[in-house]
Structures are given as structure tokens and as C-alpha cells.
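If you want the building blocks of each chain, they are given just below.
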Amino acid sequence: TFERVAVDQSKLTRDSIRKLLDEIAGLSTGGPDSRDDPLVVHLSGVALTAGDAVYLLPGDGQRAMPGSWLPVADILEAVGKCPIGRKLLILDLSR
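Residues numbered from 1 in each chain as written. Predicted model: local features only at pLDDT ≥ 70, side-chain atom pairs only at ≥ 80, totals over all residues. Heavy atoms only, no water.

> Explain the overall build of the chain here, please?
Scanning the chain for helices and strands turns up two helices and four strands. If you list the helices and strands of the chain from N to C, you get α-β-β-β-α-β. Among the 95 residues that make up the chain, the fraction classed as buried is 27%. Put simply, of all contacts in the chain between residues at least 6 apart along the chain, 62% involve residues at least 24 apart. Here the chain has roughly 6,400 Å² of accessible surface; of this, 52% comes from carbon and sulfur atoms. (Helix = DSSP H or I, 4+ residues; strand = E, 2+ residues; numbered from the N terminus. Buried < 20%, exposed > 50% of the residue type's maximum accessible area, 1.4 Å probe, protein only. Contact = heavy atoms within 4.5 Å. Areas by Shrake-Rupley, 256 points an atom, 1.4 Å probe, with all protein chains shown as cover.)

Following this line, the structure appears as C-alpha cells:
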């Protein structure tokens, strides 16, 4: 089964992105046959850097407020925790 969820980035707040990441990390394989079902996550947005870290600027984030940014490391961690065997993460980030 393929499910597509598309959301306008301007409507994705830091909290709503964190909720989606929690859902991705907590996905269940649903049984032995579904472990081969793929997970595809495509994020497109503005990236910011501070030091060696890369951040996604959520729809409610502000460039002048680093506390409103979302670390890309959090996205990588959530996808990495997901038990689904075949995963593809596409980060379409621009500066």
C-alpha cells in the first residue's frame, strides 16, 4: 500500500514536523510481509547552518531565532529509528 502525504512547508510548524518525525520513528512493520514495504520521505525547504550543524527552517521558524530551527540530525535520527527495512530520505534543501 502506498500512502502519500503532501503538506505545504509554510504550514509545517516546528511542532508539527517533530510530530511527523515521532510517527516515522514509531512506525510498525505491521507483520513479516510488510517489512519490505518502502518508506520514502521527501523534505523540501530552506536550510541554515550554524557551526558544523545543518538545520531546516520550518514554516514558523525565523532566521534570526536559532531556537526555531529544526536540526537535520533529528530528521536523520527519526528515519534511522524506523524499523522499516527499505528507506529513502530525500532532503531537497536550499540556502
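After presenting the structure, the write-up continues.
> Explain the pattern of salt bridges to me, please; I cannot follow it from the model alone.
Where side chains of opposite charge bring their charged atoms close, a pairing between them can arise. Enumeration over the complete set of coordinates arrives at two salt bridges. D74 is the salt-bridge partner of R18, the closest N and O atoms lying 2.8 Å from each other. Note that R18 is positioned in helix α1 (residues 14–25) and D74 in helix α2 (residues 72–81), a separation of 56 residues in sequence. Classification of R18 as partly exposed rests on a relative accessible area of 29%. Since its relative accessible area comes to 22%, D74 is described here as partly exposed. In this structure, K81 engages E77 in a salt bridge whose closest nitrogen and oxygen atoms are separated by 3.1 Å. (Salt bridge = Lys/Arg side-chain N within 4 Å of Asp/Glu carboxyl O.)

> Would you explain the sheet that holds strand β2 (residues 53–57) in this entry?
Whenever strands of a sheet pair, they do so through backbone hydrogen bonds, lying parallel or antiparallel. Reading across from one edge, β3-β2-β1-β4 is the order of the four strands in this open sheet, with mixed pairing throughout. A strand with exactly one partner marks an edge of an open sheet, and here the two such strands are β3 (70–71) and β4 (86–94). Packing against the sheet, α2 makes contact with β1 (38–50), β2, β3 and β4, and its axis sits at approximately 165 degrees to β4. (Pairing = 2+ DSSP bridges. Axes fitted to C-alpha atoms, helices over the stretch in contact; angles between N-to-C directions.)

> Is there a simple way to explain the nonpolar core in this structure?
A general trend in soluble globular proteins is that nonpolar side chains are found buried together. Counting residues in each nonpolar core, the largest one holds 14 residues, and the members touching the most others are I17, L21, I24, L39, V41, L70 and I75. Residue assignment for this core shows that the elements contributing at least two residues are α1, β1 and α2. When residues no more than four places from it in sequence are discounted, the contact partners of I17 are L12, L56, P58 and L70. (Core = buried A, V, L, I, M, F, W, Y, C linked by side-chain atoms within 4.5 Å.)

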